[in-house]
Amino acid sequence: MKSIFFALLALASTALTTPILTSEETKLASRQLESQADILDNLLSVIQTHTANINATTQAAPENPDLAQQNAAAAALAPDLNAITTALTSATTQFAKRSLIEARTGGGGGTPPKSCSSDCLLIKVKIIVFELIYTIKFIIIKLGLACVLHLLTPLLLALVGLVKALDKVVVGLLIVVKTLVTGVLGTLAGGLLALIIW
Ligand SMILES: *[C@@H]1O[C@H](CO)[C@@H](O)[C@H](O)[C@H]1NC(C)=O
């Protein structure tokens, strides 16, 4: 009886101290030691699931939507846009954990991932950035910026956070990404880009 009590107590205290993770975070956390390349591949596939939904939702919105229609479309987009923000933040956390482990062990936690060079990581990041910025461009062209600004701002900040976390591994990455984002979204979303500190 006593042991059951203590087992329950232990269970309760883990439940209290374990942060509540989204399913994407749990998936990522369980593969804590995966390489940066794996983290980016995983991230891209999560992002593509959501950008496919976003594209369908945006497509379905009426042409020249009035304010109510813009807001309705933005509300419909919110879960997918927020899920992308969460996925970007989770990936950034994974990179931070990796660097910590690498600093402690003096290497890639015993299995240095050499399969993806800095150039190869750069390509993966560019694919993610293109997927995001062209999807965002599509949204803004169809719906305008105002109704989605509150959703796109955290997303872009999370993207910049991810890029900053990788900038040490892929030297100059931040500048490359800034150029891409500004090139595609600069004239459309100046108000959004003004909120970002590169
Ligand atoms: C969503 O649309 C954008 C803009 O056309 C495109 O670049 C992106 O690849 C699309 N994503 C998916 C998953 O269909």
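Reading the values: rules and limits
- Residues numbered from 1 in each chain as written.
- Predicted model: local features only at pLDDT ≥ 70, side-chain atom pairs only at ≥ 80, totals over all residues.
- Heavy atoms only, no water.
- Core = buried A, V, L, I, M, F, W, Y, C linked by side-chain atoms within 4.5 Å.
- Buried < 20%, exposed > 50% of the residue type's maximum accessible area, 1.4 Å probe, protein only.
- Helix = DSSP H or I, 4+ residues; strand = E, 2+ residues; numbered from the N terminus.
- Contact = heavy atoms within 4.5 Å.
- Expected span 1.5 Å × (residues − 1).
- Disulfide = S-S within 2.5 Å.
- Near = heavy atom within 4 Å.
- Polar contact = N/O pair within 3.5 Å; in protein donor to acceptor, adjacent residues only side chain to side chain.
- Areas by Shrake-Rupley, 256 points an atom, 1.4 Å probe, with all protein chains shown as cover.

### A word on the nonpolar core
Part 1: The biggest cluster of nonpolar side chains holds 56 residues, and the ones touching the most others in it are Leu43 and Leu88.
Part 2: Every element with two or more residues in this core is listed here: helix H3 (36-60), helix H4 (67-105), helix H5 (118-143), helix H6 (149-166), helix H7 (173-185) and helix H8 (190-193).
Part 3: With 11 residues, H5 is the single largest residue contributor to this core.
Part 4: The residues contacting leucine 43, other than those within four sequence positions of it, are Ala87, Leu88, Ala91, Ile128 and Leu162.

### Examining H5
Part 1: Between its first and last C-alpha, H5 extends 37 Å over 26 residues, near the 38 Å set by a 1.5 Å rise per residue.
Part 2: Where H5 terminates, the next one or two residues include glycine 144, which has phi positive at roughly 85°.

### Description of the state of the cysteines
Part 1: On inspection of all chains with the given rule, the structure shows 1 disulfide.
Part 2: Linked covalently through their sulfurs, cysteine 116 and cysteine 120 form a disulfide whose S-S length is 1.8 Å. Handedness of the cysteine 116-cysteine 120 disulfide follows from its S-S torsion of about -105°: it is left-handed.
Part 3: Judged by its relative accessible area of 11%, cysteine 116 falls in the buried class.
Part 4: For cysteine 120, a relative accessible area of 24% corresponds to the partly exposed category.

### With respect to the site of the ligand
Part 1: Residues in contact with the ligand, as listed here, are Gln48, Thr51, Ala52, Asn55, Glu131, Tyr134 and Thr135.
Part 2: In this structure, an oxygen atom belonging to the ligand sits 2.4 Å away from a side-chain N or O atom of asparagine 55.
Part 3: Note that a nitrogen atom of the ligand is positioned 2.7 Å from one of the side-chain N or O atoms of glutamate 131.
Part 4: Alone, the ligand offers 370 Å² of accessible surface; in the complex the protein occludes 58% of this.

Note that all results are geometric; they support no functional claim without further evidence.
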